[in-house]
Amino acid sequence: MPLVLCFNPGSNSLKFDLIETTANQPRASAGKRLLTGDIDNVGKDTTLEITRGDQPLHSEPLPAGDFDAMTTASLDALDKLDLPKPDLAGVRVVHGGSDFNAAVGIDDEVIRKIEARAELAPLHNPKSVKVIRALQQHGSALPLACTFDTAFHHTLPEVAWRYAIDYDVANRHGIRKYGFHGLSHRYQLEQFCSLSNTAIQQANIVTSHLESGSSVCAIREGRSVETSMGFTPLEGLMMGTRSGSIDPAILPYLMQHENLSSQDALQFLEKKSGLLAISGQSLDTRILRKKTDERSLLAMAMYAYRVRATMGAYLAVLGDAQAIVFGGGIGENTPEVRGPILEGLRGWGVDVDPARNTNVMAGDTLLSSPASKLAVWVIHADEGLQLAHECTQALQ
Ligand SMILES: Nc1ncnc2c1ncn2[C@@H]1O[C@H](COP(=O)(O)OP(=O)(O)O)[C@@H](O)[C@H]1O
Ligand SMILES: CC(=O)OP(=O)(O)O
Ligand SMILES: [Mg+2]
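Residues numbered from 1 in each chain as written. Chains lettered and ligands numbered in written order. Predicted model: local features only at pLDDT ≥ 70, side-chain atom pairs only at ≥ 80, totals over all residues. Heavy atoms only, no water.

As recorded by an unreviewed UniProt entry, the protein chain carries the name Acetate kinase and is attributed to Terriglobus albidus. UniProt, in the comment section headed Subunit (unreviewed entry), describes the protein chain in these words: "Homodimer." Regarding the protein chain, the relevant UniProt record gives this comment under Catalytic activity (unreviewed entry): "acetate + ATP = acetyl phosphate + ADP". (UniProt positions renumbered as here; feature names shortened; annotations may be inferred.)

Draft legend 1. Representation of the site of ligand 1. The environment of ligand 1 is made up of 16 residues, and the closest members are Ser13, Lys15, Glu211, Ser212 and Thr285. A distance of 2.7 Å is found between an oxygen atom of ligand 1 and a side-chain nitrogen or oxygen belonging to lysine 15. Between ligand 1 and asparagine 333 there is a distance of 3.4 Å, counted from a nitrogen atom to a side-chain nitrogen or oxygen. Starting from 570 Å² of accessible surface for ligand 1 in isolation, the protein chains cover 83%. Within the residue set of the shell around ligand 1, elements represented by two or more residues are α10 (285–288) and α12 (328–333). Here the element with the most residues in the shell around ligand 1 is α12; it accounts for three residues. Looking at side-chain class alone, the shell around ligand 1 contains two nonpolar, 10 polar and four charged residues. When we break the shell around ligand 1 down by domain, the ones giving at least three residues each are domain 1 (3–178) and domain 2 (198–378). (Near = heavy atom within 4 Å. Polar contact = N/O pair within 3.5 Å; in protein donor to acceptor, adjacent residues only side chain to side chain. Areas by Shrake-Rupley, 256 points an atom, 1.4 Å probe, with all protein chains shown as cover. Helix = DSSP H or I, 4+ residues; strand = E, 2+ residues; numbered from the N terminus. Nonpolar A, V, L, I, M, F, W, Y, C, P; charged D, E, K, R; others polar. Domains from an automatic or database assignment.)

Below, the structure is given as structure tokens:
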């Protein structure tokens, strides 16, 4: 019964879980979560919250610090609680490039490769390295493994991963679509198959991971064949603070007319765009869904519109699909976003009672009616369970 301590450094948050797995469990959802920890808004004064189910175990204010300091504070807090000792630790890494198609044990060479990809995932990869270094220095001497968002998308066909730019330049620089949120899309796929009694090889579905970072994935016969994030996690949908896809000509135009360096321009698109830029108030849909001012409503409508347009495109990619799945903090908990998407997909045979959509918040639920040609599921996209599962397999 390996006990796995998993760290998930996101763009804004550090989440961790203590999860009991079994060496030969069939899928991630078989893992058992003993507790979960959450530090939101890393970089500002913040709070570490540790909970077991709904029960608070520990709450501690933390001064502003980076992801290494947050990891050390989490490990210290866990040491003080009377808990069984973990057997291994796992870390989510966003960008593994073409180097990794499965979870691996961590050594210096793995860390070097993660660092080499930092330029392509500046909001993520450096944070994973900070978490890994803090784990190595903590003295608990846990075996360490990591797993990669990009791994699930290794099956993309070339028509999907290749950009229509100079063939040789693209090859020389490894410029291609990699795709992200693979832990979440894989978890949703396997959970959909388990709940609907579908064999993985027969699953043709569209999954969505809708949070601060957001992406959609088309899955044919159980394999990722198209996804909305690309060379970096900036492409695709509108996100909390990220623009998603825009006309690339906007970038040099902005650099010239707003006098921005390439780094400033990237910051503009990664940190100062998305829901935050349009609403002018918040990147968080928990706040925006309660607002009634014009710009907050526009931000929510634009977010939903882009998900709907991408899901529609991916239904065309698949040709024939059984289901769409909503996952992630927004996908699971925001009927205001799901509503216009479901309305827009009526022509594909989606039949969901609007009252049912309004009432479903979280949990693994079939949203659509039995008459719906395309099933609609809400599935709790549990990156922690997937991380624990994959890291256990890597260190077996
Ligand atoms: N319970 C919830 N209800 C509604 N929205 C949520 C909920 N939890 C998260 N969200 C949405 O997801 C976002 C946080 O995403 P998260 O994945 O925690 O961030 P990160 O990008 O750091 O991984 C919030 O800003 C909010 O828009
Ligand atoms: C890849 C990515 O955007 O991750 P997150 O949603 O955790 O920021
Ligand atoms: Mg996340």
